[in-house]
Amino acid sequence: MRSKNPELMRRIKDFVDRYYRENRTTPSTQTVGDAVGVTKQTAYRYLLEMAEKGILAYDGGIRSSPQIEKCRTGYISVPVVGSIRCGDPETEEEEVEEYVSLPESVFGKGKFYLVRAKGDSMADAGIGEGDLVLVELCHEANVGDIVVALDPDGENTLKRFAGKGRDGYVLAYMNEARYPGKVITVRSFAVQGIARHVIKTL
């Protein structure tokens, strides 16, 4: 096969990548030819050679390119389960409001749920009123983790787990300007999850 024009190869690759970003599918051979100003047969020959060179994957239809593989990502479906207090504990009924899709490439894989923060006690952790907090569903926490804690009275709160003190387990506020050194001490609590990400409007 005669070597092809490198500039035309670059234009084809750029078009394929752009087309995928805009349409989330790959273009047909005819569409490629129309876009770069060559016949379908010429586009076909170029695509075959580009496949041989490892520039993209082609087997009669474009399957992927390195840039497309970067764009492709899995998504996780995450329930939004209402709000949780960032302050004194209060009872919350867990009701799924909706499900949202989040990319695994950003948030990772796992079992998650989203809660809306209420209050300002976690401001130093970057969590403010109305922010969506992505919580990984788990039942164990390490000192320093920001946890959704459920106490024996069925009340929950979002706090930093500060460890075990003389009078019980310590859940700390993270807003030194407004609540310097403030903590909640409970006899026991159940970990309902650990905060992993905050989604907010800037």
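All residue numbers refer to position in the chain's written sequence, counted from 1. The predicted nature of this model means local features are confined to residues of pLDDT at least 70 and side-chain atom pairs, given and counted, to a pLDDT of 80 or more, with totals for whole chains, interfaces and linings taken over all residues. Excluded from the side-chain calculations are hydrogens and water; all other atoms, namely the structure's heavy atoms, are used.

Asker: Can you break down the sheet that holds strand E6 (residues 132-136) residue by residue, with the values?
Answerer: Within a sheet, neighbouring strands are paired by backbone hydrogen bonds and run either parallel or antiparallel to one another. Pairing between strands is defined by DSSP: at least two bridges between them are needed. Starting at the N terminus, helices and strands are each numbered in turn, a helix being any DSSP run of H or I of at least four residues and a strand any DSSP run of E of at least two. Spatial strand order, E4-E3-E5-E6-E11-E7-E8-E9-E10: 9 strands in an open sheet with mixed pairing. Of all the strands in the sheet, just strand E4 (98-103) and strand E10 (183-186) have a single pairing partner and so form its edges. Averaged over neighbouring strand pairs, the angle between their axes works out to 45° when direction is ignored. Pairing of strand E3 (residues 75-85) with E4 involves 6 bridges; the strand directions are antiparallel. Opposite tyrosine 75, over in E4, you have proline 103 as the bridge partner. Interaxial angles span 0 to 180 degrees and are taken between N-to-C directions of axes, which are lines fitted to C-alpha atoms, for helices over the stretch in contact.

Asker: Which residues make up the packing of helix H2 (residues 29-36) against helix H3 (residues 40-52), and what values go with them?
Answerer: Their axes nearest at 8 Å, the elements H2 and H3 cross at an angle of 105°. With respect to their mutual orientation, H2 and H3 come out roughly perpendicular. Of the residues in H3, those touching H2 at Thr29, Gln30, Val32 and Gly33 are Lys40, Ala43, Tyr44 and Leu47. The classification used treats Ala, Val, Leu, Ile, Met, Phe, Trp, Tyr, Cys and Pro as nonpolar, Asp, Glu, Lys and Arg as charged, and all other residues, Gly among them, as polar. Residue classes in the contact of H2 with H3 are distributed as 4 nonpolar, 3 polar and 1 charged. Orientation labels follow simple angle bins: below 35 degrees gives roughly parallel, above 145 gives roughly antiparallel, 65 to 115 gives roughly perpendicular, and whatever is left gives oblique. By definition, residues are in contact when any of their heavy atoms lie within 4.5 Å.

Asker: Any details on the packing of helix H1 (residues 6-23) against H2? Residues and values, ideally.
Answerer: Where H1 meets H2, the closest approach of the two axes is 10 Å, and the angle between their N-to-C directions is 120°. As summarised for this structure, H1 and H2 are arranged oblique, according to the angle between their axes. Judged by the sense of rotation from one axis to the other, the crossing of H1 with H2 is right-handed. Touching Leu8, Arg11, Ile12, Phe15, Val16 and Tyr19 of H1 are Thr31, Val32, Ala35 and Val36, all from H2. Each residue belonging to the contact of H1 with H2 can be placed in one class, and the counts come to 8 nonpolar, 1 polar and 1 charged. The crossing is said to be left-handed when, going from far helix to near helix, the turn is anticlockwise and less than a right angle, and right-handed when the turn is clockwise.

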